[in-house]
Every structure is written in structure tokens, then in C-alpha cells.
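For reference, the chains in residue letters:
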Amino acid sequence: MTEVGELFHEAMASLASGVAVVTARRPDGNPCGLAATSVASYSAHPPSLLASVAHTSRCHEALSASEHFGVHILRADEVELAHVFAGRGDDKFAGLEWRWDGEVPELTGTLAYLRCKRAANFEHYDHTVLIGDLEGGRLADGEPLLYARRRMDWLLRLE
């Protein structure tokens, strides 16, 4: 790795971020999803967010083509769920509690679920940035799952 590349990777490992699962319906009608730490608010007026998806992701095609997608912000106790969606399993939804919210797969029990309508996509380098306008969703009580220093945890414990 180049010196600048190593600097980038180490610096970004120090930047804590939330962990989310982004979901959509595949063209074959099945659900797909991936774990992401590259989700952020985009605009307050209208309420919108952005998510960055690697071109190598098996969900890239579905997410970049879908009219709607879901963003699930994970709770601190959902580390196992994050690992399922970060993995390469063929059916990440097997054995999970979820339902269809129209054409968007909605995982139950997450800290937040945000249903988005695609407002724009753009490809840059090896990722596609999805911008979605918020259409609805739900919030629950709990603490967020965070990712920093290449691990997931609830990092803000004060005990």
C-alpha cells in the first residue's frame, strides 16, 4: 500500500461511524442487503441521506437501480446482524425477522428504519453514491452500534 493509502486507511479507522444495513429488492424479486458505515445525512430540506455502495457488492446492481431502498440503523446489541450483512452469505435474510414494506425489505427490531425514494445516483471511482429522500420509517429506543478501529461495538460506555 502506498504511504498516502496507508495514511488514509489508518485515519479513517479512527473516524467512528454508525453501522447500517441498506436493503432493496433484486430484479428477481428476492431481498438483498449489505452492511454499511458510509451512510450520512445529506439534506434536512427535504430530509434525505446518502449511502455509498462498492461496485463489487453483490447488491450494487439492485441498490443502484431500485426506485426505493431501506436504511436500517443498527442497535448496539445487533453486532451479529451486522456481521451477517457484512458477509458473503447467499441468503442473508434466512432466519431473520423481516417483512416487505412495499418493495423494500424491512428488518424488524433495528434502532431505526428509513424508507427512501431514490433521488439521484452517481458513480465515482469504485463506488456508487445513492441519494434517497426520506418517505417514512420508524424509530426505537436503544443505543447505536458504532464502528471504529476496525471493530463494531457500543464505544461510548462511561463505566
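Located above this text is the structure these notes cover.
As a convention, each chain's residues are numbered from 1 in the sequence order in which they are written. Predicted model: local features are reported for residues with pLDDT of at least 70 only, side-chain atom pairs are reported and counted for 80 or more only, and whole-chain, interface and lining totals are derived from all residues. Water and hydrogen atoms were dropped before computing side-chain values, which therefore reflect all heavy atoms in the structure.

Considering the pattern of salt bridges
The salt bridge criterion pairs a side-chain nitrogen of Lys or Arg with a carboxyl oxygen of Asp or Glu, the two atoms within 4 Å. Applying the stated criterion to the full structure yields 9 salt bridges. Here lysine 117 makes a salt bridge to glutamate 67, at a shortest N to O gap of 3.6 Å. One end of the pair, lysine 117, is in strand 9 (residues 112–124); the other, glutamate 67, is in the loop between helix 2 (60–65) and strand 6 (68–73), and 50 residues separate them in sequence. Judged by relative accessible area, glutamate 67 falls into the partly exposed class, the value being 40%. Here arginine 115 ties to aspartate 101 by a salt bridge, and the two come within 3.7 Å at their closest N and O atoms. Here aspartate 101 lies in strand 7 (residues 98–101) and arginine 115 lies in strand 9, a separation of 14 residues in the sequence. Secondary structure is summarised from DSSP: a helix means a run of H or I of at least four residues, a strand means a run of E of at least two, and numbering begins at the N terminus for each. Exposure is judged per residue with a 1.4 Å probe applied to protein chains only, and the accessible area is read against the type maximum: over 50% gives exposed, under 20% gives buried, and values in between give partly exposed.

Side note on helix 3 (residues 79–86)
Within helix 3, the full set of buried residues consists of Leu81, Ala82 and Phe85. Axial view of helix 3: buried residues confined to an arc of 100°, hence all on one face. Summarising the geometry of helix 3, the exposed residues directed more than 90 degrees from the buried face are Glu80 and Ala86. Along the arc lie the directions from the helix axis toward the C-beta atoms.

Structural notes on a nonpolar patch on the surface
A patch consists of residues exposed above 30% relative accessible area that lack any salt bridge, with like charges linked at up to 9 Å and nonpolar side chains (Val, Leu, Ile, Met, Phe, Trp, Tyr) linked at up to 5 Å. Here the accessible surface of atoms and residues is derived via Shrake-Rupley with a 1.4 Å probe, and residues count as covered only by protein chains that are part of the display. On the surface, a cluster of nonpolar side chains totalling about 320 Å² of accessible area is made up of Phe8, Met12 and Leu15. Note that phenylalanine 8 resides in helix 1 (residues 3–13).

What to know about the sheet that holds strand 4 (residues 39–44)
Should DSSP find at least two bridges between two strands, the strands are taken to pair. Judged by pairing direction, the sheet is antiparallel, and its 7 strands sit side by side in the order 3-2-6-9-10-5-4 without closing on themselves. In the strand order of this sheet, the two ends are held by strand 3 (31–36) and strand 4, each with one partner. Strand-to-strand, the axes of this sheet are offset by a mean angle of 35°, without reference to chain direction. Where strand 5 (residues 47–54) lies against strand 10 (residues 127–139), 7 bridges are found, and the strand directions are antiparallel. Following the sheet pairing, serine 48 is matched in strand 10 by aspartate 133. Fitted lines through C-alpha atoms serve as axes, helices being fitted only where they are in contact, and the angles separating the N-to-C directions of these axes extend from 0 to 180 degrees.

What to know about the pairing of strand 7
With 4 bridges connecting them, strand 7 and strand 8 (residues 104–107) associate as antiparallel partners. Its bridge partner lying in strand 8, tryptophan 100 is registered against proline 105. Hairpin geometry of strand 7 and strand 8 is characterised by an intervening segment of 2 residues between the two adjacent antiparallel strands and by a positive phi of about 65° at glycine 102.

Structural notes on the environment of alanine 119
Examined against the element boundaries, alanine 119 turns out to sit in strand 9. Residue classification places alanine 119 among the partly exposed residues on the basis of a relative accessible area of 46%. Residues alanine 119 and tryptophan 98, 21 residues apart in the sequence, show an inter-C-alpha distance of 25 Å.

Describing the packing of aromatic side chains
Pairs were defined over the aromatic rings of Phe, Tyr and Trp, the Trp ring being its six-membered one, requiring ring centres within 6.5 Å. Orientation was assigned from the angle between planes: stacked under 30 degrees, edge-to-face over 60, tilted for the rest. Tallied over the entire structure, the rule returns 3 aromatic pairs. A ring pair is formed by phenylalanine 85 and phenylalanine 93, whose centres lie 5.2 Å apart and whose planes are at 85°; its orientation type is edge-to-face. Between tryptophan 98 and tryptophan 100, the ring centres sit 5.1 Å apart and the planes meet at 75°, which makes this aromatic pair edge-to-face. Note on tryptophan 98: relative accessible area 27%, which makes it partly exposed. Among the aromatic side chains, those forming a connected cluster through ring pairs are Phe85, Phe93, Trp98 and Trp100. Our definition puts a charge over a ring when NZ of Lys or CZ of Arg is within 6 Å of the ring centre and also within 35 degrees of the ring normal. The ring of tryptophan 100 has arginine 25 lying over it, and the distance from NZ or CZ to the ring centre is 3.8 Å.

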